[in-house]
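Structure assessment
Okay, here's what each chain looks like letter by letter:
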Amino acid sequence: MTEPIRRRRTAATMAGLVVLAGVASAGVAAADAGATAASDVAEGESSRVARQTHAESPVPGTPCSVSARACVDLDSQRAWLITDGTVSYGPVPVASGGAGQETPVGHSFRVYRTSADHRSGEFDTPDGEPAPMPWSVFFADGGVAFHGGDRDRASAGCVKLDPEPAEEFFAGLRVGDKVQVLRAATEREHRAALS
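Figured I'd write up the structure that's included with this text.

**Things to note about the nonpolar core**
By size, the foremost hydrophobic cluster in this structure holds 23 residues, and its most contacted members are F139, F146, F169, L173 and V179. Sorting the residues of this core by element identifies β2 (70-73), β3 (78-83), β4 (86-93), β7 (130-140), β8 (144-148), β9 (159-161), α4 (163-172) and β10 (178-182) as the ones contributing at least two each. Counting seven residues, the second-largest nonpolar core is a separate cluster that includes C64, C71, W80 and L182.

Below is the structure:
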């Protein structure tokens, strides 16, 4: 299968990204009482949000805390949906970002937009059409989303799922839901340090 062709960012595309980033920031601020995913990513495991997460009970079988609604483990390339502190769907296999376009790690991302039939604003298919991103659930700056796609290829930062799980994540997540994208080994170390 051929790689999608990366589109050149036009002024209109960049303006759209600025608006989208503003929407994401507003959604995170409203949903998380000031603890933003951006600061969580920038500060990593030493952020206040990460420390709060490590202090919460973990969801059995996942690296995530009971306050998460969606969980991604970058180490095992698996994801789960969580309801009331227990796994309600998963684990399912995922493909995360590749070298230079890694999926960001974060303890308090928030869903800020969903789009059932989304098309990429950045990548084209070989025939010049915007690349499909079915069942998109956007949760991090830069248009990072859960979406359906070919898991045999790394993404450009998104979390790609097979068609059925992508539809389940789309149906199961709402704007404001907390998403954690973690590395299980790192989480185990930090939780053990609190014991």
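Next comes the rest of the account.
**Looking at the pairing of β3**
By the bridge criterion, four bridges tie β2 to β3 in an arrangement that is antiparallel. Bridging across to β3, A70 finds its partner in L81. Between the end of β2 and the start of β3, which pair antiparallel, lie four residues, with Q77 showing a positive phi angle near 55 degrees. Pairing of β3 with β4 involves five bridges; the strand directions are antiparallel. Bridge pairing links T83 to T86 in β4. The hairpin formed by β3 and β4 contains two residues between the paired strands, and D84 there has a positive phi angle of roughly 50 degrees.

**Concerning the packing of helix α3 (residues 48-55) against helix α5 (residues 184-194)**
The contact between α3 and α5 brings their axes to 9 Å, and the two run at 75 degrees. Viewed along their axes, α3 and α5 adopt a mutual orientation that is roughly perpendicular. Across the interface between the two elements, T53, H54 and A55 of α3 pack against E187, H190, R191 and L194 of α5. Here the contact of α3 with α5 is composed, by residue class, of two nonpolar, three polar and two charged.

**Digging into the environment of F146**
Locating F146 in the fold gives a position in strand β8. Put simply, F146 and K160 are 14 residues apart on the chain and 5.8 Å apart in space, counted from C-alpha to C-alpha. Here F146 is in contact with A70, V72, W135, S136, V137, F139, V159, L161, F169, L173 and V179, once residues within four sequence places are set aside.

Parameters and conventions
- Residues numbered from 1 in each chain as written.
- Predicted model: local features only at pLDDT ≥ 70, side-chain atom pairs only at ≥ 80, totals over all residues.
- Heavy atoms only, no water.
- Core = buried A, V, L, I, M, F, W, Y, C linked by side-chain atoms within 4.5 Å.
- Buried < 20%, exposed > 50% of the residue type's maximum accessible area, 1.4 Å probe, protein only.
- Helix = DSSP H or I, 4+ residues; strand = E, 2+ residues; numbered from the N terminus.
- Pairing = 2+ DSSP bridges.
- Axes fitted to C-alpha atoms, helices over the stretch in contact; angles between N-to-C directions.
- Parallel < 35°, antiparallel > 145°, perpendicular 65-115°, else oblique.
- Contact = heavy atoms within 4.5 Å.
- Nonpolar A, V, L, I, M, F, W, Y, C, P; charged D, E, K, R; others polar.

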